[in-house]
Amino acid sequence: MQHLRHCQGLARVSFLRTQRAQLLKGVAPAVTACVLPRWQSSGDYGGQSGQALNSLSLRWTHLLAGLVAGTGAVLAYGLHNSQAERAATPIEPVTPSSFPIYSQDEVTKHKTLNEGVWVTYKGGVYDITQFISMHPGGDKILLAAGGALEPFWSLYAVHGQDHVLEILSEYKVGELSLEDQKKQQKNADSSDPYSTDPERHPALNINSLKPFNAEPPPALLSDNYITPNALFFKRNHLPVPRVDPKTYKLEIEGLPGRAVSLTLNDLKTRFPKHTVTATLQCAGNRRSEMNTVKQVKGLNWGIAAISNATWSGARLRDVLLHAGFGPEVASKAQHVQFEGLDCDVTGTTYGASIPLGKAVSEVGDVLLAYEMNGEDIPPDHGYPVRVVVPGTVGARNVKWLGKIVISEEESKSHWQQNDYKGFSPSTDWDTVDFKSAPAIQELPIQSAITQPAAGATLDRSMEEVTVRGYAWSGGGREVVRVDVTVDGGKTWHIAQLENSEKGQKPAPSPPPGQAWAWKLWEATVPLPAEAQELEIMCKAVDNSYNTQPDSVAPIWNLRGVLSNAWHRVKVNINEDSEGEE
């Protein structure tokens, strides 16, 4: 990951606050001896001198050997004592009553490097400021600043180990007030239709609370080929329904004979289980870039309203054939409508439809999915059953699926008829006619830069920049190339594509027309001589040789959908390190 230069701010932070030094008598000298050499380096904590490295104690060496570096929002790092060192440097036990009590408001004030970075864990308050510069995951550790560690630790198994808890204990400075601990457990007002919505990961960047819509930080998005469930972007139109899997029924209408009703158990036991890795993308992904041209209506999505998962369930084709679908129906029907169990106060449910040909295709891979990444689908993603339509805009992948209707007509839903459609840049809200445009189904070619972040500062001494991101195309079209430029398009660098987790053997190319999953990519590019600011740009090409448009203005539309222009990230170059010995 491209390191950001923030050590100058870190150098102003006191390593051992007086309060902790008093509470943890005997620990401070050992910690200071280990930490100070890194802080006394030139400021680039990724490139300290050999003398500083040699001065690090065995405790730090042992920790680095035992932890997994660069695995996203890993938030537990510290000084791992060997048995001999523990005996030589005893830690005096401190009873909970010896610690001061802090309110959540006081903890929240400590979110910056200047004020100190505090976190909470199981009622304890911890000051982790002195350790931030050593964090192998870079500045991602700051995502938990002023809040709880639990949501982040749950993503990574390393945090469950005993020695990690021992490490954390060395940074304890207080206890969270009982009142605030109770507030964390207190249920929301039952009259609120959103009161039973599930908990969400605090790292998500929230675009709206009710209904809940959020995306992960870009730097976390490209850490994993398969997006963790907790970080998968959330797109809800209505409150999340609470569905009892024991009483759940899926109704199927529009086929010969009477309607068919299937339970969750029916879907799991009467049909073969099929698994597909597929990327879902919101139609409004990257809408924020259209807002820079002219204001649009819609959630201000950044570049991360897209995620990749492995889905398992029954093929929609198998279920429809079981329910009576055949040539007679195919000769009349053209669409398959889906209705969700989520509804507004009037009882109106979310709905959408897809072409019949996609629904019953042997290679369409449309699923009635009940698992996501090997687990029951989480409530935010459609528990207990959602339809997954690979290669198709997220809006048609209806969650909490309650009804399927085979029909000659598209869904009458607002979201099918009066939303998720593209228009000319000249069309405005006074002239728009939603009936004049087709509903979005397959999405166009897409790519974006996740690292470095916009506004990041690069060191001239590094001589090159590593750029990372994602690329995907709708309709099962495979991404075959991603090009990156740092000189305005004069020269382009071809990125390395990844279609599996890091360290795993690359997956074989999918059959033509069935490339449902994204590709992550990486390119290392030399820094142009004498440049003080760079605009990094990327563009992708799929196997139909579709490529992205070079600018936003020609594709601007009043709803801000289908935003897929070259992605651009501006960064600065710091010359301070030149001439340093």
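Residue numbering note: each chain is counted from 1, following its sequence as written. Only residues with pLDDT of 70 or above have their local features reported here, since the model is predicted, and side-chain atom pairs are shown and tallied only from 80 upward, although totals for entire chains, interfaces and linings are computed over all residues. Heavy atoms throughout the structure, all of them, feed into the side-chain values; hydrogens and water do not.

Draft legend 1. How the structure looks around the sheet that holds strand β2 (residues 111-112). Read across the sheet, 5 strands follow the order β1-β5-β4-β3-β2 without closing on themselves; strand pairing throughout is mixed. Both outer strands of the open sheet, β1 (101-102) and β2, are each paired with one neighbouring strand and no more. Only strands joined by at least two bridges in the DSSP assignment are considered to pair. Only DSSP runs of H or I covering at least 4 residues are called helices, and only runs of E covering at least 2 are called strands; the numbering of each starts at the N terminus. Strand direction decides the pairing type here: β2 and strand β3 (residues 116-121), joined by 2 bridges, are antiparallel. Within β3, the position partnered with Lys 111 by the bridge is Val 117.

Draft legend 2. Region of interest: the confidence of the model for the protein chain. Across the protein chain, the average pLDDT comes to 83, with 78% of residues at 70 or higher. Per-residue confidence from the predictor is reported as pLDDT, a score between 0 and 100. Contacts between residues were defined by any pair of non-hydrogen atoms, one from each residue, lying within 4.5 Å. pLDDT under 50 marks residues 1-94. Its contacts with residues more than four places away, or in other chains, come to 185 contacts.

Draft legend 3. Local environment of unusual backbone geometry. The omega torsion across Lys 210 and Pro 211 is 0 degrees, close enough to zero to call that bond cis. In this structure, the amide linkage connecting Tyr 383 to the following residue, Pro 384, adopts the cis form with an omega of 10 degrees. With respect to the secondary-structure elements, Pro 384 resides in the loop between β16 (375-376) and β17 (386-388). Of note in the backbone geometry, Asn 373 takes a positive phi value of approximately 55 degrees without being a glycine. Within the element layout of this structure, Asn 373 appears in the loop between β15 (367-372) and β16. Despite not being glycine, Trp 400 has its phi angle at roughly 50 degrees, a positive value. Structurally, the position occupied by Trp 400 is in the loop between β17 and β18 (401-407).

Draft legend 4. The arrangement of the environment of Gln 416 in detail. Along the polypeptide, Gln 416 turns up in helix α17 (residues 414-417). The sequence separation of Gln 416 and Ser 353 amounts to 63 residues, and the corresponding C-alpha distance is 7.2 Å. Counting of polar contacts relies on pairs of N or O atoms within 3.5 Å, with two restrictions inside protein: one atom must be capable of donating a hydrogen and the other of accepting it, and residues adjacent in sequence are counted only when both atoms are side-chain atoms. Engagement of the side chain of Gln 416 in a polar contact is seen with the side chain of Glu 410, the distance being 3.2 Å.

Draft legend 5. Up close: the packing of aromatic side chains. Two rings belonging to Phe, Tyr or Trp (six-membered ring only in the last case) form a pair when the distance between their centres is within 6.5 Å. Interplanar angles under 30 degrees mark stacking, angles over 60 mark edge-to-face geometry, and anything in between is tilted. Applying the stated criterion across every chain, the model contains 10 aromatic pairs. When the centroid spacing of 6.3 Å and the interplanar angle of 90 degrees are considered together, the rings of Phe 233 and Trp 301 count as edge-to-face. One end of the pair, Phe 233, is in the loop between α11 (218-221) and β8 (234-235); the other, Trp 301, is in the loop between α13 (287-291) and β12 (306-315), with 68 residues separating them in the sequence. Exposure is judged per residue with a 1.4 Å probe applied to protein chains only, and the accessible area is read against the type maximum: over 50% gives exposed, under 20% gives buried, and values in between give partly exposed. On the accessibility criterion, Trp 301 (0% relative accessible area) is buried. When the centroid spacing of 5.2 Å and the interplanar angle of 85 degrees are considered together, the rings of Phe 423 and Phe 434 count as edge-to-face. Note that Phe 423 is positioned in the loop between α17 and β19 (446-451) and Phe 434 in the loop between α17 and β19, a separation of 11 residues in sequence. Taking relative accessible area as the criterion, Phe 423 reaches 13% and is therefore assigned buried. Put simply, the rings of Phe 232, Phe 233, Trp 301 and Trp 311 touch in pairs and so form one group of aromatic residues. Lysine and arginine charges are scored as sitting over a ring when NZ or CZ, respectively, is within 6 Å of the ring centre and within 35 degrees of the ring normal. Sitting above the plane of the Phe 99 ring, Lys 172 keeps its charged end 4.9 Å from the centroid.

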